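The lines below spell out each chain.
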Amino acid sequence: MSRTPAQVASIRLDPDGSSVARLICPPTAIPAAGQFGLALRPGEASPLRTAIFPRELHADGFTTPAARTWQPGDVLDLLGPVGRGFRPPPNARRWALGGVGRPPDRLLPLLQRGIEVGAGVAVWPPLPAERLPPQVEIVQDQADALAWADYVALDVLPEALDEIGARLRRQPGTLAGAAIQVLIAPAMPCGLGLCQACAIAGRRGRQLACLDGPVFDWPLTDRKAV
Amino acid sequence: MLTLSTGKRQLIIDPPVMNAAGVLGFSNEANSFVNVGQLGAFLTHPISLAPRAPALGLRVIPFDGGFLLHTGWPNPGMTTVLRQHRRRWAALPRPVILHALAATTTEVDRMIGRIEVIEEISGIELGLGEADATLASDLVAAAVRSQLPVLAQIPVTAGPEIALAGQQAGAVAVSLGPPRGALADPTGRVVHGRLYGPAVFPLALQATERLARELEIPVLASGGVYDAAQVRTLLDAGAAGVQLDSVLWTEPERVMTDAVEWSRA
């Protein structure tokens, strides 16, 4: 993890109304799926860095939701990549990717990886069709997808952790053999494991989303979220 | 250079610029991001006798000019912290000040009993939180029985009577901690917590001026410092030293290098 300049090459407006920035940075600074960076505009006495997750990965950078104050041409101070990303089992061939309490846009880099390795990929809730490769199946019934998958990757609001834990426990198929990973990204002010603000209670005790996560193996996090 | 002495133990902080408790972890976790060797002392993350769990609910709420932090000061408890970090403290290039969280004199006594025999600890900063003058006095008096230099940390918005109580009880310095405030989370629930960010600086400067006039012991100022000029402003206002908080998570070079030079001037 290091601090690197990242230039805002462009900002586009997506069909869903969100502003998405295209950042140019060295390859070593590009977060992998599930990882994030912490960005700010230098010299403005920003109280906090902004956690940014990639939506699309490129050889020379990535796209991410644009902060309100960013402008094309800005050179950001990017700290990262931070945290542990998704680690699909090499032999998994049926990937189910889902957002719980939020859209699955932070799973898009993982979706792309699944396609590249030849896995079948299903995703929920629905994203605009133009944002999804044609190979991806949009899931209508999550229970079917969870029963089908041998790898499940979820992006979960911290407040929804109990809900997803209960849902997964009701799915005998997933308990039987699927590898499950959960992205939990509470607010992470420092990103360095210093402030303890992102602590999550898991089966192995208190863990920090910025260092031990933000992607956790389930059921490591199958406890009441704090 | 700042020298804090109990008569039996001496704590030298040179330069008189250090991190605030809670921003650089328990020991060397921030080594890759902040050069502790440029600071005059290292303050640990707040440590309580028993483990403390993280606060429930939303813990960070931004506002224009800063953010509210509501963590509950989670930590694994003194026994675990000492086991995990004592050797790392020995390797730090600066004196280590342990920030202690205690609500009763019994807790202070039990913590002091463990701390005072640890040579890697050079001082104690006692977080007084929202204690009134009587409790503050009792807690500080219990802590000074250790003969370690004791810094009494009060919120920047606390009344001067709290600082005076700490002074009278034997604290060698008063340090300013973050002010407390409240904001509504997205559901409308009011969340109380500590305030950080540039918006806090005016409060810190005002408190520094006042306490530097009213106290006989040094004042370590803190709150909303985001550039080296603000360090100088606080020193000129009467602070004997400055503690840096959330700027160390964003652009520490804005304060570290110049601040160290300025404090030497």
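Note that this is a predicted model, so its numbers are computed, not measured. Residues take numbers from 1 onward in each chain, read along the sequence in its written order. Chain letters start at A and ligand numbers start at 1, both assigned in the order the entries are written. Predicted model: local features are reported for residues with pLDDT of at least 70 only, side-chain atom pairs are reported and counted for 80 or more only, and whole-chain, interface and lining totals are derived from all residues. Side-chain metrics rest on all non-hydrogen atoms present in the structure, leaving aside hydrogens and water.

**Things to note about the layout of surface pockets**
All names here are of chain B.
Part 1 of the reasoning: Grid spacing is 1 Å over the protein atoms alone, the probe is 1.4 Å, and a cavity is where that probe fits but cannot get out, while a pocket is an open set with protein on both sides within 12 Å along at least five of seven lines and lining residues have an atom within 4 Å of a point. Grid points are joined across faces, edges and corners, and a volume is the space filled by probe spheres set on the points. By volume, the second largest pocket amounts to about 690 Å³.
Part 2 of the reasoning: If you go around the second largest pocket, you meet 41 residues; those closest to its centre are Arg 52, Trp 73, Leu 101, Gly 127 and Gly 129.
Part 3 of the reasoning: For helices the rule is a DSSP run of H or I covering at least 4 residues; for strands it is a run of E covering at least 2, with both sets numbered from the N terminus onward. Elements that contribute at least two residues to the lining of the second largest pocket include exactly β8 (96–101), α3 (133–144), β10 (150–155), β11 (173–177) and β13 (190–196).
Part 4 of the reasoning: Of all the elements, β13 adds the most residues to the lining of the second largest pocket, at five residues.

**Observations concerning the interface of chain B and chain A**
Part 1 of the reasoning: Throughout, a contact is declared for two residues whenever any of their heavy atoms are within 4.5 Å. Taken together, the 33 residues of chain B in the interface contact 24 residues of chain A.
Part 2 of the reasoning: Throughout, the accessible surface (probe 1.4 Å) given up by two parts as they are put together, summed over both, is called the buried area. Across the chain B to chain A interface the summed buried area is about 2,300 Å²; carbon plus sulfur atoms make up 65%.
Part 3 of the reasoning: By the criterion of area lost to chain A, the three top residues of chain B are Phe33(B), Arg59(B) and Trp249(B), representing 25% of everything that side buries.
Part 4 of the reasoning: Counted as salt bridges are all cases of a side-chain nitrogen of Lys or Arg within 4 Å of a carboxyl oxygen of Asp or Glu. Across the contact surface, chain B and chain A share one salt bridge.
Part 5 of the reasoning: A salt bridge links Glu253(B) to Arg3(A), with the nearest nitrogen and oxygen atoms 2.7 Å apart.
Part 6 of the reasoning: Whenever a nitrogen or oxygen atom comes within 3.5 Å of another N or O atom, the pair is scored as a polar contact, on the condition that within protein one atom can donate a hydrogen and the other can accept it, and that pairs from neighbouring residues in sequence are kept only if both atoms are in side chains. Between chain B and chain A we count seven residue pairs in polar contact (both at pLDDT 80 or more) in total.
Part 7 of the reasoning: Of all the secondary-structure elements, those providing two or more residues to the side of chain B that touches chain A are β7 (66–69) and α7 (247–250) of chain B.
Part 8 of the reasoning: Think of it as three bins: nonpolar holds Ala, Val, Leu, Ile, Met, Phe, Trp, Tyr, Cys and Pro, charged holds Asp, Glu, Lys and Arg, and polar takes everything else, Gly as well. When its residues are assigned to classes, the side of chain B that touches chain A shows 17 nonpolar, 11 polar and five charged.

**Some points on the packing of helix α4 (residues 160–169) of chain B against helix α5 (residues 201–214) of chain B**
Packed helix pairs are specified by the crossing angle of their axes together with the interaxial distance, meaning the distance between the axes.
Residue and element names in this part refer to chain B.
Part 1 of the reasoning: Helix axes are fitted only over the stretch in contact, all axes being lines through C-alpha atoms; the angle between N-to-C directions runs from 0 to 180 degrees. Where α4 contacts α5, the axes come no closer than 11 Å and their chain directions differ by 40°. The orientation of α4 with respect to α5, classified from their angle, is oblique. Considering only the axes of α4 and α5, their crossing is right-handed. Here α4 contributes Pro 160, Ala 163 and Leu 164 to the contact with α5, which in turn contributes Arg 210, Leu 211 and Glu 214.
Part 2 of the reasoning: Among the residues making up the contact of α4 with α5, the classes are represented as four nonpolar, no polar and two charged. Here is the rule for angles: anything less than 35 degrees is roughly parallel, anything more than 145 is roughly antiparallel, 65 through 115 is roughly perpendicular, and the remaining ranges are oblique. Crossing handedness: left-handed means the near helix sits turned counterclockwise from the far one by under a right angle, and right-handed means the same turn made clockwise.

**Quick word on the pairing of strand β6 (residues 61–65) of chain A**
All names here are of chain A.
Part 1 of the reasoning: Three exposure classes are used, based on accessible area relative to the maximum for each residue type with a 1.4 Å probe and protein chains only: buried under 20%, partly exposed in between, and exposed over 50%. Most of β6 is tucked away, with four of its five residues classed as buried.
Part 2 of the reasoning: For two strands to be treated as a pair, DSSP must find at least two bridges joining them. Pairing geometry for strand β2 (residues 19–24) and β6, over five bridges, is antiparallel. Among the inter-strand pairings, Ala 21 is bridged to a residue of β6, identified as Thr 64.
Part 3 of the reasoning: Pairing between strand β5 (residues 56–58) and β6: three bridges, direction antiparallel. When the sheet's bridge partners are listed, His 58 is paired in β6 with Gly 61.
Part 4 of the reasoning: Following β5, the chain reverses through two residues before pairing antiparallel with β6.

**So, the sheet that holds β5(A)**
Sheets are built from strands paired through backbone hydrogen bonds, the pairs being either parallel or antiparallel.
Residues and elements named next belong to chain A.
Part 1 of the reasoning: The strand order β4-β3-β7-β1-β2-β6-β5 describes an open sheet built from seven strands, whose pairing is antiparallel. Each end of this open sheet is capped by a strand with a single partner; those strands are β4 (50–52) and β5. Recorded for the sheet is a direction-independent mean angle of 35° between the axes of neighbouring strands.
Part 2 of the reasoning: As defined by bridge partners, strand β3 (residues 36–40) adjoins strand β7 (residues 75–82) across four bridges and the pair is classed as antiparallel. Within the sheet, the bridge partner assigned to Leu 38 lies in β7 and is Leu 79.

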